[in-house]
Amino acid sequence: MERRALLGGIAAASGLLAAPNVVIAQAPITLNGASQFNDEHVFNRCMTRFEELVKQYYGRPINFVMHKNSSLGLEKQFFEYMSAGRAVDYAIVSPAHMSTFSRAAPFIDAPFLFRDLAHWNTVLDQDLFKPVADEVARRARVELIGYAGGGIRNIFSSRPARNMAELRGLRVRVQGAPIWSRTFQAIGMAPQVIAYNEVYNAIQNNVIEAGENEAAGVEQMRFFEVGPNLLMTQHAITIRPLCFSSQTLARLPRELQEAIRRAGREAGVFGRQTESQEDEQKVAALEAAGRLRRIPFTERAQMNAAVLPVMAAYAREIDAEGIQTRINAITS
């Protein structure tokens with residue numbers, strides 16, 4: 001009887017090994033992220049938080065590989081890779097780099113859109129950019145699963161400027177989305193589109209005189225070395241979507257898809273809280289170290305008034321008037 005049972009067990013095991021469709025063990029899923037920065041940057045910390053939350057909510061083995069320091073290119077390439085469903089599965093990307101797929105995408109991060117951090121937070125809490133996110137998902141096959149950001153953008157410059165007259169003609173690097181060039185031209189500056197990783201050398205070689213960035217970027221890219229004057233224009237508050245490839249997502253188990261979407265939302269909140277809290281601290285530290293000089297800008301109201309017609313025309317052009325109206329209607 002024992003011999004019969006043993007032979008039966010061996011036969012059953014042999015049958016399992018011979019069956020081509022039986023999976024005995026499956027390697028853990030591996031997801032690839034990408035970043036232009038190192039581990040100290042808030043974007044990387046936000047994505048690390050995302051990875052931790054996915055593991056917590058999924059509850060099964062899963063591997064994450066983060067390709068840092070622009071080893072896979074820049075954010076524009078990351079987005080193209082995610083759209084194609086290869087090389088990069090998740091990354092934080094500026095909405096300006098989504099404009100090839102969605103004309104409305106740069107509106108998420110347009111300059112002169114938010115009055116202050118409270119206004120910015122309310123817009124995100126109410127998910128007013130959902131129509132844009134839906135369009136990006138449909139056309140680019142990339143989901144915006146969370147919203148990081150929170151840095152207040154100012155102009156770092158090789159020369160000081162305190163008012164509209166002193167800003168006139170300033171050769172400043174801007175992002176590639178047309179709204180950035182249009183608004184900065186309306187103020188009287190001379191905007192130029194230059195790759196982010198070329199800004200330092202461009203100022204150093206007097207190709208341009210200035211750029212615009214939040215404190216985390218100024219610190220990380222050492223822009224203060226070539227543009228030590230921080231002109232306090234406060235012209236934008238960043239929104240940096242945490243993106244995930246729709247093609248990758250569709251191949252994953254349903255439970256993992258749910259974990260990724262939940263973790264994306266929560267990691268985005270973590271990123272916003274972290275960056276907005278650290279923004280002033282970074283500027284103050286650079287100033288205290290003598291690396292940066294804050295230059296008060298005295299005509300912010302006049303600057304905003306100059307760009308209002310440009311922003312209204314842009315919203316009409318990209319069919320975002322409804323979103324802009326709802327944003328402007330928020331009183332908090």
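Keep in mind that this is a model prediction, so the values were computed, not measured.

Section: the overall build of the protein chain
No. 1: Looking only at helices and strands, one finds 13 helices and nine strands in the protein chain.
No. 2: With respect to the principal axes defined by its C-alpha atoms, the protein chain has extents near 100 × 45 × 30 Å.
No. 3: Classification of the 332 residues of the protein chain by burial places 50% in the buried group.
No. 4: When contacts within the protein chain are restricted to residue pairs at least 6 apart in sequence, long-range pairs at least 24 apart make up 76% of them.
No. 5: Surface accessibility of the protein chain: about 15200 Å² in total, with carbon and sulfur atoms responsible for 50%.
No. 6: Taking the average location of the 37 positive side-chain charges in the protein chain and that of its 34 negative ones, the two points are 4 Å from each other.

Observations concerning the packing of helix α2 (residues 42-58) against helix α11 (residues 254-288)
No. 1: Running from N to C, α2 and α11 cross one another at 145°; their axes reach a closest spacing of 8 Å. Helix-helix and strand crossings are classified by hand; for α2 and α11 the assignment is right-handed.
No. 2: Among the residues forming the contact of α2 with α11, the class breakdown is 14 nonpolar, four polar and seven charged.

Some words on helix α3 (residues 75-84)
No. 1: All of the buried residues along α3 are Glu75, Phe78, Phe79, Met82 and Ser83. Buried residues along α3 cover an arc of 135° about the axis, so they all sit on one side.
No. 2: In the segment just after α3, Gly85 is the residue with positive phi, at about 75°.

Brief notes about the side chain of Ser83
No. 1: Among the secondary structure elements, Ser83 is positioned in helix α3.
No. 2: When its relative accessible area of 6% is taken as the criterion, Ser83 is described as buried.
No. 3: Within the local environment of Ser83, its side chain forms a polar contact with the backbone oxygen of Ala140, the two atoms lying 2.7 Å apart.
No. 4: With residues up to four places along the chain from it excluded, the contact list for Ser83 reads Phe101, Ala140, Arg141, Val142 and Gln247.

Notes on the pairing of strand β6 (residues 190-193)
No. 1: As paired strands, strand β5 (residues 171-174) and β6 are joined by four bridges and run parallel to one another. Each residue of the ladder has a partner; that of Val174, found in β6, is Val193.
No. 2: Handedness of the β5-helix α7 (residues 178-187)-β6 crossover: right-handed.

Here's the deal with unusual backbone geometry
No. 1: You will see that Asp127, though not glycine, has its phi angle at about 55°, which is positive.
No. 2: Its location among the elements puts Asp127 in the loop between α4 (117-125) and α5 (130-140).
No. 3: Although it is not a glycine, Arg141 adopts a positive phi angle of roughly 60°.
No. 4: Given the relative accessible area of 42%, Arg141 is considered partly exposed.

Notes on the nonpolar core
No. 1: Counting residues in hydrophobic clusters, the biggest one holds 61 residues, and the most contacted among them are Phe79, Met82, Phe107, Phe129 and Leu167.
No. 2: Per-element accounting of this core gives the leading share, six residues, to helix α12 (residues 300-317).
No. 3: Once residues within four sequence positions are removed from consideration, Phe107 is found in contact with Leu113, Phe129, Met311, Tyr314, Ala315, Ile318, Ala320, Ile323, Gln324 and Ile327.

Here we look at the side chain of Glu135
No. 1: Secondary-structure assignment places Glu135 in helix α5.
No. 2: For Glu135, a relative accessible area of 15% corresponds to the buried category.
No. 3: For Glu135, the contacting residues outside a window of four places in its chain are Ser102, Arg103, Ala104 and Ala140.

Here is what the cut-offs are and how they apply
Residues numbered from 1 in each chain as written. Predicted model: local features only at pLDDT ≥ 70, side-chain atom pairs only at ≥ 80, totals over all residues. Heavy atoms only, no water. Helix = DSSP H or I, 4+ residues; strand = E, 2+ residues; numbered from the N terminus. Buried < 20%, exposed > 50% of the residue type's maximum accessible area, 1.4 Å probe, protein only. Contact = heavy atoms within 4.5 Å. Areas by Shrake-Rupley, 256 points an atom, 1.4 Å probe, with all protein chains shown as cover. Lys, Arg positive; Asp, Glu negative; His and termini not counted. Charge placed at Lys NZ, Arg CZ, Asp CG, Glu CD. Axes fitted to C-alpha atoms, helices over the stretch in contact; angles between N-to-C directions. Left-handed = near helix turned anticlockwise from the far one by under 90°. Nonpolar A, V, L, I, M, F, W, Y, C, P; charged D, E, K, R; others polar. Arc of directions from axis to C-beta. Polar contact = N/O pair within 3.5 Å; in protein donor to acceptor, adjacent residues only side chain to side chain. Pairing = 2+ DSSP bridges. Right-handed = clockwise from strand over helix to strand, strands pointing away. Core = buried A, V, L, I, M, F, W, Y, C linked by side-chain atoms within 4.5 Å.

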